[in-house]
Amino acid sequence: IDIPFKALRDRYDEHLERHGEGFHHTCLLYPTLESVRAAQAELRRQGREVVQEASNGTFFDFAYFQFPEIGSAVELLYLDPAQLPAPERVIHPAA
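The text that follows walks through the structure, step by step, so that each part is easy to find.

What counts, and at which threshold
- Residue positions are given per chain, counted from 1 along the sequence in the order it is written.
- Two thresholds apply to this predicted model, a pLDDT of at least 70 for residue-level local features and 80 or more for giving and counting side-chain atom pairs, whereas whole-chain, interface and lining totals are computed over all residues.
- Derived side-chain values reflect all non-hydrogen atoms in the structure, with water molecules and hydrogen atoms excluded from consideration.
- Three exposure classes are used, based on accessible area relative to the maximum for each residue type with a 1.4 Å probe and protein chains only: buried under 20%, partly exposed in between, and exposed over 50%.
- Every helix listed is a DSSP run of H or I at least four residues long, and every strand listed is a run of E at least two residues long, numbered separately from the N terminus.
- A contact between two residues is defined here by any heavy atoms of the two lying within 4.5 Å.
- Cavity means a closed set of points on a 1 Å grid over the protein atoms alone, one where a 1.4 Å probe fits but cannot get out, pocket means an open set with protein on both sides within 12 Å along at least 5 of 7 lines, and lining means a residue has an atom within 4 Å of a point.
- Grid points are joined across faces, edges and corners, and a volume is the space filled by probe spheres set on the points.
- One speaks of a salt bridge when a side-chain nitrogen belonging to Lys or Arg is within 4 Å of a carboxyl oxygen belonging to Asp or Glu.
- Ring pairs shown here join Phe, Tyr and Trp side chains whose ring centres sit within 6.5 Å, with only the six-membered ring taken for Trp; geometry is labelled stacked below 30 degrees between planes, edge-to-face above 60, and tilted in between.
- Put simply, a charge is over a ring when the Lys NZ or the Arg CZ is close to the ring centre, within 6 Å, and near the line of the ring normal, within 35 degrees.
- Take the buried residues of types Ala, Val, Leu, Ile, Met, Phe, Trp, Tyr and Cys, join any two whose side-chain atoms come within 4.5 Å, and each joined set is a nonpolar core.

### Things to note about helix H1 (residues 11-19)
Of all the residues in H1, the buried ones are Arg11, Asp13 and His15. Its buried side turned inward, H1 meets strand S2 (50-55), strand S3 (60-67) and strand S4 (72-79). Backbone geometry just downstream of H1 places glycine 20 in the positive-phi region, at approximately 80 degrees.

### Observations regarding the layout of surface pockets
Taken as a whole, the largest pocket holds about 170 Å³ of empty space. Those elements that provide at least two residues to the lining of the largest pocket are H1 and S4.

### Some thoughts on the pattern of salt bridges
A full pass over the atoms with the stated rule returns four salt bridges. Of the charged contacts, one joins aspartate 61 and arginine 37 as a salt bridge, the two residues approaching to 3.0 Å between their closest N and O atoms. With aspartate 61 in strand S3 and arginine 37 in helix H2 (residues 33-45), this residue pair connects regions lying 24 residues apart in the sequence. Given the relative accessible area of 5%, aspartate 61 is considered buried. For arginine 37, a relative accessible area of 37% corresponds to the partly exposed category.

### A word on the packing of aromatic side chains
How two aromatic rings sit relative to each other is set out by the distance from centre to centre and by the angle between their planes. Overall, the coordinates contain three aromatic pairs when judged by the stated rule. A ring pair is formed by phenylalanine 62 and tyrosine 64, whose centres lie 5.8 Å apart and whose planes are at 85 degrees; its orientation type is edge-to-face. Grouping aromatic residues by their ring pairs yields a cluster made of Phe59, Phe60, Phe62 and Tyr64. Between arginine 48 and the ring centre of phenylalanine 67, over which it is positioned, the NZ or CZ distance is 3.9 Å.

### Comments concerning the nonpolar core
Within the largest apolar cluster, 10 residues are counted, these being Leu33, Val36, Ala39, Leu43, Ala63, Phe65, Phe67, Val74, Leu76 and Tyr78. Elements with a contribution of two residues or more to this core: H2, S3 and S4. With four residues, the top contributor of residues to this core is H2. Beyond its immediate sequence surroundings of up to four residues, leucine 43 is in contact with Arg48, Phe65, Phe67 and Leu76.

Next up, the structure:
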């Protein structure tokens with residue numbers, strides 16, 4: 001079955017419908033899998049609402065937590081740089 005990419009709805013579609021264009025979330029990148037999981041555990045301990053999360057175990061792990069006091073979500077993210085594919089192209093700044 002060939003499913004068009006936009007056939008699936010996500011958090012971003014819901015945000016656009018409710019708030020229109022603009023700021024969606026802040027992403028905090030963690031250096032290790034252990035550190036992102038510890039930060040996620042702390043936010044859960046505080047009672048923060050998890051609105052989306054996923055992990056493949058070693059390559060990436062993320063969770064979006066709702067922060068009503070700032071009117072947006074905060075994403076906690078880990079990506080293993082050793083497992084990232086090489087970029088298609090590198091753009092160097094002008095000298």
